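# Structural features, examined
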Amino acid sequence: MKILRASSSTPPSLPKPPGEVVVKEQVGKEFITYKRDDEGHVVGSHDGAPVPSWLERTKARTWSSLVPDNLPNSVSPDYAATRKWQLTRDFFGTFAATSSLAAVTTAVGPANTALLALSIAGLSLANVTWIKQRLPQITQFASTGLATVAERNPKPWMLAADLVLQVSMIAEAATPLLPAQSYYALLTSLAMAQAVGTVALNSASAGVGPRQARANNLGEMTTKNSNQSTLISIAGATAGLAAVGALTGPLGFGHAALVVSTLGALAGTYAKIRKHQALEYDPINEEALRRVIDRGAVGPESNQLKSLLALGKKEKLTVGNRPRPLLQDANFPALRQLFIERPYMLSVHEGAPYIVMKDEAQAKDEISQASAPLPTSASYPERMAQVQAAYHAILLEKFLASPDYQQLVEKRGQSAAELEAVTRTFQQTPPDMHGFLQEMQKLGWSVDMVRFRGDSKPVSIQTGDGELTLEVRWEQAEPGDAPSRAGRRQGM
């Protein structure tokens, strides 16, 4: 058995006390300061303060149930402003919805009487009610394709969806003033429109919460947001009932409900517009790139109503398309060499840019990892590659519509002109997107959100033994695409 003996060497000297240490701690909205001297005595700034009263403790608990802890460090900078306007929207929303609900309830009796008086075979209250309940559900199910579209261009879709819901609410408030025979047809149509609006609104706004919950506190923030909305909604509903009651005497119930609902909808729409102005939620998408390329260093559209015009513009680019048309291009060998150091390939197909994203099969195809202030996630290089490909495609699209391109076609032929167009715009596209994206970030664009159609279809291009191999990974299908598959095509 070994016996360990203490070493006779001199033990190392302890470090010299650092002197007075001051530590600040944030608790809620307040900061507490602690001071520690050389002898280890600790004094806090709240030491000796009187014990809070019952009312102060209640106020503190109420605040804690409504506001995320460690505000504002735990949420994004736009949280307070957007919540202020969202709560205003919630107040006027329930202010208007209460009168609309009262109107719909009042009109149901005459509507049922009118329905029975029609005496149409097979038309009964039960059948009509079934149709009224089921058609909106089918509409919502059929509208799921709208989700990805709304997510790519969120702000305009959120506002458009909210306008649909507001107009539907006003129309519901008008039911006592309309012919009773139109009641069920109107409410069924409105419910179908509301189902589409709800799909667009939920899809477009899905990323707001995760972006605002900076401290991984999404659950806490969502719960407290709900608590805020609950209190405000109770106040709005109470005010709505009071307003309808006050106006029923001079106007009559039907007109009173319509006036209250309209006023609430207009005020709620204004609050929604102001919320969107404060919301930092402007992704890098096709419309954003076209705006910057056409106008120079500009930020997102500040006029929210004007931004609705973007909903009428069709997306032209598919950033990640199927490889066969590219492989069938006579210019493929030259294009492969041209894009050897870029993570995408671009050609002209049917007179328009055609993008194929590469799956970084070769080291030269890789984009270096992003550095702060850009996002540093492992997937962000792929997002930068999509921005670069779309940027190049927009330049190519503009060149294809220019007189210079037409002269090239007449002089050198179609295939040679297409290759020259791709080459010229290749040289105009930034080889490194870090600086471009940082500039867009300074202009107010949400560079962490890159939203393009077809952004999840990379192909792996390999060369070896004189044979070309493409490994295709279809991760997300677009309308009209074949079912997802993973396969390997050789000798194409």
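Structural notes, computed from the coordinates. (Residues numbered from 1 in each chain as written. Predicted model: local features only at pLDDT ≥ 70, side-chain atom pairs only at ≥ 80, totals over all residues. Heavy atoms only, no water.)

The secondary structure content of the protein chain amounts to 17 helices and 10 strands. Counting the 492 residues in the protein chain, one finds 41% classified as buried. Put simply, of all contacts in the protein chain between residues at least 6 apart along the chain, 71% involve residues at least 24 apart. Of the roughly 26,600 Å² that the protein chain leaves accessible, carbon and sulfur atoms contribute 58%. (Helix = DSSP H or I, 4+ residues; strand = E, 2+ residues; numbered from the N terminus. Buried < 20%, exposed > 50% of the residue type's maximum accessible area, 1.4 Å probe, protein only. Contact = heavy atoms within 4.5 Å. Areas by Shrake-Rupley, 256 points an atom, 1.4 Å probe, with all protein chains shown as cover.)

What follows covers a nonpolar patch on the surface. On the surface, Trp-130, Ile-131, Leu-135 and Ile-138 cluster together into a nonpolar patch covering about 390 Å² of accessible area. Along the chain, the position of Leu-135 falls in helix H3 (residues 125-142). (Patch = residues over 30% accessible without salt bridge, like charges linked within 9 Å, V, L, I, M, F, W, Y side chains within 5 Å. Salt bridge = Lys/Arg side-chain N within 4 Å of Asp/Glu carboxyl O.)

Counting 51 residues, the largest nonpolar core has Ile-284, Leu-289, Val-387, Phe-436 and Leu-437 as its most contacted members. Ranked by the residues each element gives to this core, the list is headed by helix H14 (residues 380-400), at 13 residues. Excluding residues that lie within four positions of it along the chain, Leu-289 makes contacts with Ile-284, Val-387, Ala-390, Tyr-391, Ile-394, Phe-436, Met-440 and Phe-452. Formed by 12 residues, the second largest nonpolar core is a distinct cluster that contains Leu-146, Trp-157, Val-208 and Leu-279. (Core = buried A, V, L, I, M, F, W, Y, C linked by side-chain atoms within 4.5 Å.)

Mapped onto the elements of the fold, Gln-26 is located in strand S1 (residues 21-27). Here Gln-26 falls in the partly exposed class, since its relative accessible area comes to 21%. Through-space distance from the C-alpha of Gln-26 to that of Asn-70 is 7.0 Å; in sequence the pair is 44 residues apart. Setting aside residues no more than four positions away along its own chain, Gln-26 makes contact with Phe-31, Asn-70, Leu-71, Pro-72 and Asn-73.

Quantified by volume, the second largest pocket comes out at close to 560 Å³. What lines the second largest pocket is a set of 25 residues, among which Arg-83, Gln-86, Asp-90, Lys-272 and Lys-275 lie closest to the centre. Secondary-structure elements contributing two or more residues to the lining of the second largest pocket are helix H2 (79-118), helix H5 (154-173), helix H6 (183-204), helix H7 (208-212), helix H8 (218-251) and helix H9 (253-278). Ranked by residues supplied to the lining of the second largest pocket, first place goes to H2 with seven residues. Taken together, the residues that form the lining of the second largest pocket break down as six nonpolar, 13 polar and six charged. (1 Å grid on protein atoms, 1.4 Å probe; cavity = no way out; pocket = protein on both sides within 12 Å on 5 of 7 lines; lining within 4 Å. Points joined across faces, edges and corners; volume = space filled by probe spheres on them. Nonpolar A, V, L, I, M, F, W, Y, C, P; charged D, E, K, R; others polar.)

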